[in-house]
Amino acid sequence: MRKLHLYTGLFLLIFLPFFSQAQEADSTKKKIKHSFTTFHLEARADLEYLGTYQWMDSDNPNMYHMDKTGWNSNYGFHGQYFNFALGGNIGNHISYFLRQRIIPKAGSVSFFDNTDFLYLQYRFNDQWAIRMGKEALYIGGFEYDAAPIDVYYYTHFWGEIYCFQLGVSASYTDKQKKNKIVFQFANSPYVHFAGKGDEWKKGLFSYNLYWNGNFGPFSTMYSINMMEYERGQFVNYISLGNKLDFPKWSIYLDFQTRTANFKNFLRDFTAVGRLDWHVSKSVNLFAKAGYDQNFAEDYNTEHLIDVMMDAGCNYHFYGLGVEIRPLKYQDLRIHAFVANSVLHHPAYMLDYYYPEEGHGTLQVNVGATWRIDFMKYLPERLK
């Protein structure tokens, strides 16, 4: 069975080149062109206030009540992201993309820790392509799909998932560009919880089947994922992302269920939604809320399977915000938001073993994101 899993991934490297026979006859006659498609630096920094407080359920007779007492405040300027991105075409069929987080210390696992994307793609024709290298795991959902620099507050799952992994993927896009299907064979995100310093030796893989649909204002990001947490043992995801996008407003609703045992189906899940109102070309108002829980595992388990959410816990958040892009300089984005979150454990009294459980956080944030797009300054022959 183990060999079958490996052979499935190797299929992508061996069989798919035969699809190249389907490429258009005149494609090989085109002049080879080397060009840049992406070349920029981007940075985000925030002035942030975090007010934390304990939260407990007074309806439980075994627990005492601490409603927003023991308040602790933290605030200051905080640098969030500093990224370098470079992408382009090499000839008619090969493209590449790199996005590197520029930070002052080396990765804790390997040199590639701070590399989000580093891949080569070969496109046989308009329909078929194969990609090798490091990229995001193909998991459905619009919150998950957004670039980290564009996500202000988020679900517990989003904050825990190690989404950028080495692997190989094959994609098919229909001629109408309405449907894209991807199969990916890559490292499992759970490999990072299996040890420190030798994660890649654990031999934990993920098998991901993804569908992106675009039907006018309605679009989808769905996936079925098998993520190994131990060799031959899987946490299975079903992720359903749905979005409506109109000139004045847009909304997405994501739902994801995770299970290692289908007897506990729908007991471990994440739901999140965001509504945007495009007031003008420079002003956008948004509201976002989400909920995570893991009731598929008992809170006192000694071996947690789904580490994306603590066993027996639930987490919810909600907030409002605004984004402003000056009309004369759209590469600058100012944002501000207020959000509240609560991580709650209703099953037992807080003690020193679980200091983080049952805590809430009030987050007030004002910040700026600046993109330095070097593409604007490149000569036309390089574009």
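See the structure above.
Residues numbered from 1 in each chain as written. Predicted model: local features only at pLDDT ≥ 70, side-chain atom pairs only at ≥ 80, totals over all residues. Heavy atoms only, no water.

A. Region of the structure containing the packing of aromatic side chains. If you walk through the whole model with that rule in mind, you get 28 aromatic pairs. When the centroid spacing of 5.5 Å and the interplanar angle of 35 degrees are considered together, the rings of phenylalanine 255 and phenylalanine 269 count as tilted. Placement of the pair is phenylalanine 255 in strand E11 (residues 249-259) and phenylalanine 269 in strand E12 (residues 268-278), with a sequence separation of 14 residues. Seen from their ring centres, phenylalanine 262 and phenylalanine 265 are 6.2 Å apart, and the 40 degrees between their planes marks the pair as tilted. Among the residues examined, phenylalanine 262 registers a relative accessible area of 55% and is labelled exposed. Residue phenylalanine 265 is classed as partly exposed on the basis of its relative accessible area, which comes to 37%. Three or more aromatic residues joined by ring pairs form one cluster here, namely Tyr152, Tyr153, Phe286, Tyr315, Phe317 and Phe337. A cation sits over an aromatic face here: arginine 131 above tyrosine 119, 4.1 Å from the ring centre. Its end group placed over the ring of phenylalanine 286, arginine 274 keeps NZ or CZ at 4.2 Å from the ring centre. (Phe/Tyr/Trp six-rings, centres within 6.5 Å; stacked < 30°, edge-to-face > 60°. Helix = DSSP H or I, 4+ residues; strand = E, 2+ residues; numbered from the N terminus. Buried < 20%, exposed > 50% of the residue type's maximum accessible area, 1.4 Å probe, protein only. Lys NZ or Arg CZ within 6 Å of the ring centre and 35° of its normal.)

B. Structural context of a nonpolar patch on the surface. Taken together, Tyr172, Ile181, Leu209, Ile224, Ile238, Leu240, Phe262, Phe265 and Leu266 make up a surface patch of nonpolar side chains, about 790 Å² in accessible area. Looking at where tyrosine 172 falls in the secondary structure, it is placed in strand E6 (residues 164-173). For tyrosine 172, a relative accessible area of 31% corresponds to the partly exposed category. (Patch = residues over 30% accessible without salt bridge, like charges linked within 9 Å, V, L, I, M, F, W, Y side chains within 5 Å. Areas by Shrake-Rupley, 256 points an atom, 1.4 Å probe, with all protein chains shown as cover. Salt bridge = Lys/Arg side-chain N within 4 Å of Asp/Glu carboxyl O.)

C. Region of the structure containing the nonpolar core. Within the largest apolar cluster, 20 residues are counted, with the highest numbers of intra-cluster contacts made by Ile139, Tyr144, Ile161, Tyr190 and Tyr237. Those elements that place two or more of their residues in this core are strand E4 (115-123), strand E9 (218-230) and strand E10 (233-245). Excluding its chain neighbours within four sequence positions, the residues that come into contact with isoleucine 161 are Ile139, Tyr144, Pro189, Tyr237 and Met308. (Core = buried A, V, L, I, M, F, W, Y, C linked by side-chain atoms within 4.5 Å. Contact = heavy atoms within 4.5 Å.)

D. How the structure looks around empty space enclosed by the protein. Counted according to the given criterion, the structure contains two cavities of 30 Å³ or more. Looking at the largest cavity, its volume works out to about 120 Å³. Along its surface, the largest cavity is lined by 13 residues, and Gly140, Gly141, Asp254, Gln256 and Val272 are the ones closest to its centre. Looking at the lining of the largest cavity, the elements that each hand over two or more residues are helix H2 (142-145), E10, E11 and E12. It is E11 that provides the largest number of residues to the lining of the largest cavity, a total of three residues. Residues of the lining of the largest cavity, tallied by class, amount to five nonpolar, six polar and two charged. (1 Å grid on protein atoms, 1.4 Å probe; cavity = no way out; pocket = protein on both sides within 12 Å on 5 of 7 lines; lining within 4 Å. Points joined across faces, edges and corners; volume = space filled by probe spheres on them. Nonpolar A, V, L, I, M, F, W, Y, C, P; charged D, E, K, R; others polar.)

E. Geometry of unusual backbone geometry. Phi at lysine 177 is positive, roughly 65 degrees, even though this residue is not glycine. Residue classification places lysine 177 among the partly exposed positions, given a relative accessible area of 48%. A positive phi angle is found at leucine 266, which is not glycine, with a value near 75 degrees.

F. Representation of the environment of lysine 376 in the model. One can find lysine 376 in the segment after strand E16 (359-373). Taking the C-alpha atoms as reference points, lysine 376 and phenylalanine 39, 337 residues apart in sequence, are found 9.2 Å from one another.

G. Highlighting the pattern of salt bridges. This model, assessed by the stated rule, comprises 12 salt bridges. One salt bridge in this structure joins aspartate 150 and arginine 333, with 2.8 Å as the shortest N-O distance. Of this pair, aspartate 150 sits in the loop between H2 and helix H3 (156-160) while arginine 333 sits in strand E15 (residues 332-344), and the two are 183 residues apart along the sequence. On the accessibility criterion, aspartate 150 (31% relative accessible area) is partly exposed. Notably, a salt bridge pairs arginine 274 with aspartate 276, separated by 2.8 Å at the nearest N-O pair.

Read these as geometric descriptors, not functional statements.
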